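Single-letter residue listing:
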Amino acid sequence: MTRREFISLLGGAAVAWPLSARAEQPAIPVIGFLSPGSLEADTNRMNAVRRGLAEIGYVEGQNVAIEYRGAQYQYGHLPALAADLVSRQVSVIIVVSITPTLAVKAATNTIPIVFAVGGGPGSV
């Protein structure tokens, strides 16, 4: 192998190595969060979700992303917001009441839906 061939080989490897290293990194999981309200109204819920994720080793912005969608109490917007999360191919969708649950259920049958629906004692 000549010096010129060796330098060409080394240069090609130097260019290809960062590309292959980037290709091998797993995609960061994305969690969808759909609410009938607003981010401001759901601050406590979002903080609870973040704490729960942190307890099992997931930190928003480091190894998980959260896509928040709120209908601003315009319930007719929920189907489009659910469809947007589905089109973004999120890993799971968290919903906080029955109406968004139904919108997500109508939008997908492949993405897991995690829901927290309930009230106080005697509300059923």
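As the structure is a computational prediction, the values presented were derived from the model and not from experiment.

Asker: Explanation requested: the pattern of salt bridges in the structure shown.
Answerer: Any two side chains of opposite charge can pair, on the condition that their charged atoms come close. Applying the stated criterion to the full structure yields 5 salt bridges. For Arg50, the salt bridge identified is with Glu60, shortest N-O distance 2.5 Å. Taken together, the residues span a long stretch of sequence, with Arg50 in helix 2 (residues 43–55) and Glu60 in the loop between helix 2 and strand 2 (65–70) at a distance of 10 residues. For Glu67, the salt bridge identified is with Arg69, shortest N-O distance 2.9 Å. Through salt bridges with shared partners, a single ionic network connects Glu67, Arg69, Asp84 and Arg88.

Asker: Explain the packing of aromatic side chains to me, please; I cannot follow it from the model alone.
Answerer: Each aromatic ring pair is summarised here by two numbers: the centre-to-centre distance and the angle between the ring planes. The full count for this structure, using the stated rule, is 1 aromatic pair. Ring geometry for Phe33 versus Tyr68: centroids 5.4 Å apart, planes at 25°, classification stacked. Note that Phe33 is positioned in strand 1 (residues 30–35) and Tyr68 in strand 2, a separation of 35 residues in sequence. For the residue pair Phe33 and Tyr68, the accessibility class agrees, reading buried in each case.

Basis of the calculations
- Residues numbered from 1 in each chain as written.
- Predicted model: local features only at pLDDT ≥ 70, side-chain atom pairs only at ≥ 80, totals over all residues.
- Heavy atoms only, no water.
- Salt bridge = Lys/Arg side-chain N within 4 Å of Asp/Glu carboxyl O.
- Helix = DSSP H or I, 4+ residues; strand = E, 2+ residues; numbered from the N terminus.
- Phe/Tyr/Trp six-rings, centres within 6.5 Å; stacked < 30°, edge-to-face > 60°.
- Buried < 20%, exposed > 50% of the residue type's maximum accessible area, 1.4 Å probe, protein only.

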